[in-house]
Amino acid sequence: MTVLGQILLSALFQGSLYAMMAVGLALVWTTIGVFNFCHGVLMTLGAYLAWQFVDPEALGLPMFVALPLALLVVAAIGFALQALLIRPFIGRGDVVLVAVITTLAASSILKNGTLLVWGPRPKSIPPLAPDTIALGASNVSAHQLAIIAITPVVLGLVWLFLNRTRVGLALRAVAQNEDACQLVGMNVTALYALAFGLAAALAALAGIFFGGFKFMSPDMGTEPLTKALVVVIFGGIANITGPILAAYIIGLFEAVSIYYVGFYWTPALLFAVLIVVLMVRPEGLFARSSRGLA
Amino acid sequence: MSDLLEVEALESGYGRIGILHGISLATGGHNVGLFGPNGHGKTTLLRTISGVIRATRGKIRFAGEDVTAWPARRIVELGLLHVPQGSRLFPDLTIRETLRLGAWPRRARPREARNLERAVAIFPRLKERWNQPVKTLSGGERQMVAISVALMGDPKLLILDEPTLGLAPRLKDELCAAIRQVSDEGVRLVVVEQDVEFLLDLADHLYLVNHGEIAAEIRPGESMNHQAIMEMYFGRELGPLT
Ligand SMILES: Nc1ncnc2c1ncn2[C@@H]1O[C@H](COP(=O)(O)OP(=O)(O)OP(=O)(O)O)[C@@H](O)[C@H]1O
Ligand SMILES: [Mg+2]
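Quick notes on the rules
- Residues numbered from 1 in each chain as written.
- Chains lettered and ligands numbered in written order.
- Predicted model: local features only at pLDDT ≥ 70, side-chain atom pairs only at ≥ 80, totals over all residues.
- Heavy atoms only, no water.
- Pairing = 2+ DSSP bridges.
- Helix = DSSP H or I, 4+ residues; strand = E, 2+ residues; numbered from the N terminus.
- Axes fitted to C-alpha atoms, helices over the stretch in contact; angles between N-to-C directions.
- Contact = heavy atoms within 4.5 Å.
- Buried area = accessible area lost by both parts, 1.4 Å probe.
- Salt bridge = Lys/Arg side-chain N within 4 Å of Asp/Glu carboxyl O.
- Polar contact = N/O pair within 3.5 Å; in protein donor to acceptor, adjacent residues only side chain to side chain.
- Near = heavy atom within 4 Å.
- Areas by Shrake-Rupley, 256 points an atom, 1.4 Å probe, with all protein chains shown as cover.

Enquirer: Can you help me understand the sheet that holds strand 6 (residues 80–83) of chain B in this one?
Expert: Note: strands within a sheet are paired through backbone hydrogen bonds, in either parallel or antiparallel orientation. Residues and elements named next belong to chain B. On the basis of which strands lie adjacent, the open sheet formed by six strands has the order 6-7-8-3-9-10 and mixed pairing. What marks the edges here is a single partner per strand, and that holds for strand 6 and strand 10 (213–218). Neighbour-to-neighbour, the strand axes of this sheet turn through a mean angle of 20°, independent of strand direction. Relative to strand 10, strand 9 (residues 205–210) is paired through five bridges, and the arrangement is antiparallel. Note that in strand 10 the partner of Tyr207 across the bridge is Glu217. Here helix 1 (residues 42–49) sits on the sheet and contacts strand 3 (32–35), strand 6, strand 7 (157–161), strand 8 (188–192) and strand 9; the angle it forms with strand 7, its principal contact strand, is near 150°.

Enquirer: Can you walk me through the interface of chain A and chain B in this structure?
Expert: Bring the parts together and some accessible area is lost; that lost area is often taken as the interface size. Opposite the 24 residues of chain A that make contact, chain B presents 28 residues. Across the chain A to chain B interface the summed buried area is about 2,300 Å²; carbon plus sulfur atoms make up 55%. It is Arg166, Gln176 and Leu183 of chain A that lose the most area in chain A upon contact with chain B, and together they represent 35% of the buried surface on that side. Across the chain A-chain B interface, the total number found is three salt bridges. Put simply, Arg172 of chain A and Glu97 of chain B hold a salt bridge, and the shortest N to O gap is 3.2 Å. In this structure, the connection of chain A to chain B is made through nine residue pairs in polar contact (both at pLDDT 80 or more).

Enquirer: Would you take a moment to explain the sheet that holds strand 5 (residues 65–66) of chain B for this structure?
Expert: Residues and elements named next belong to chain B. Strand order in the open sheet formed by four strands is 2-1-4-5, with antiparallel pairing between adjacent strands. Two strands bound the open sheet, and with one partner strand each, they are strand 2 (17–26) and strand 5. Pairing of strand 1 (residues 5–14) with strand 2, which is carried by seven bridges, proceeds in the antiparallel orientation. Each bridged residue has a counterpart across the sheet, and for Ser12 the counterpart in strand 2 is Leu20. Lying over the sheet, helix 1 contacts strand 1, strand 2 and strand 4 (55–62), oriented at roughly 115° with respect to strand 1.

Enquirer: Sorry if this is basic, but what is going on with the site of ligand 1 here?
Expert: All names here are of chain B. Gly39, Lys42, Thr43, Thr44 and Gln85 are the nearest of the 13 residues found near ligand 1. One of the backbone N or O atoms of Gly41 is found 3.0 Å from an oxygen atom in ligand 1. Side-chain polar atom of Thr43 to an oxygen atom of ligand 1: 2.6 Å apart, as the coordinates give it. Here ligand 1 has 640 Å² of accessible area as a free molecule, and 60% of this is covered by the chains.

That's the geometry; what it means functionally is another story.
Given below as structure tokens:
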């Protein structure tokens, strides 16, 4: 494969993972107005639960049962976390700060819990598609291609949900005016729970993507969370299209930088660019001034 | 006949600050108008009735149910729709999307198409701005959307908090005619309004809210003229009205 092909492939692949993580983070921010530092560990849990359900040493369920089951369980965990960590503090002026502390604390507890339950031995889950596919002169893993293909479909569905269904519309509305939501009869706490559950499921899916091509560890969610934060800050947290575009742009930037500048300097270069972007556009690249989804 | 809305010795406020000190009123079969000086608790009264804030004492009955401790969403489900004072609505949603959300209550879903038709018939201007975000609308247009949202909820009782706030006289008349039309279709009204003419046009039963209490009342059939209301405002010659 040509250099350009390799760079593009890597950009699309990394961009997909970043987008999958960042959209959940943006979803929680736009509906509830807090940053969820559990988002990384939800990704970890998604991968480990998928392993638990699918691995022959564990439950050994077929993939098409195990993976949706893992997503559902993580969504339920997200739902419960929201009820414990965030809902009690909604309405307080300092909820943003309180949520930083509660979600960081829970993240650390869950990370150690993962270590206790599943141990430090590296694990992996089967790839979504096992083979390699010949693309031009070289072989590309089908798992990576599957991720590149599935991500836009999933995120497209999320976009349609937020823009074309009444419940999605309600999620966008609750971000904009909570009182008015109550006055048309919405259950605002249920909408918060839904946003958090959906975000958790997206994180879990990212974890399943991840566990299919790298070894899993209890700490595996930390770096993707940092990246997702960079992506939403870069793209603007006003909606979900901003972070999605930003995820692919950052994927491309990293792929180019890794090829030409090297692995070592790429993070530094990325942060330098981020700082410049924020100096020019403090709201992020694609943000409008107000908070609201889609 | 039992009243659609009945409020009894209602007290509420914000935190430890009491704003309402025992308010009682009832709709009977009439439209109710509330007026009074700024900051004396009219909006607080409406927010307590619709369940946005909790009553600390007293009772609210609506459509035969004691709704005093109910959350707003359940009260909406019974058919009480509240258009708040100066609502921003949902700034980034279009009119079309906003009205779709108006049909959120389960009981309003089967009549969504009919209610939409009714709202558009009353406010034809909305059609011209159909896919425009609400934040780009004028104050008057936004007020029309706010009322339409409530109409989409299929109200039995429509609560309007200063619907003409900041509107030009011509638009006021237009809005007044529109609200009258809603009322003629069988929706009861509770209206807070500073514009006395507007209030006299719509309501048959008036209450003056002063210091979180009902300071005076003009019952249906009693003479209601501009003069009498002005006197109530300024506290002169209250005469037979208490
Ligand atoms: N969220 C709040 N927190 C604390 N106090 C409030 C709050 N909202 C209103 N108040 C106070 O309650 C009192 C009554 O306010 P309210 O909005 O009910 O008056 P109003 O009669 O509707 O006035 P206006 O005619 O100006 O709309 C005011 O003194 C106001 O400062
Ligand atoms: Mg008011």
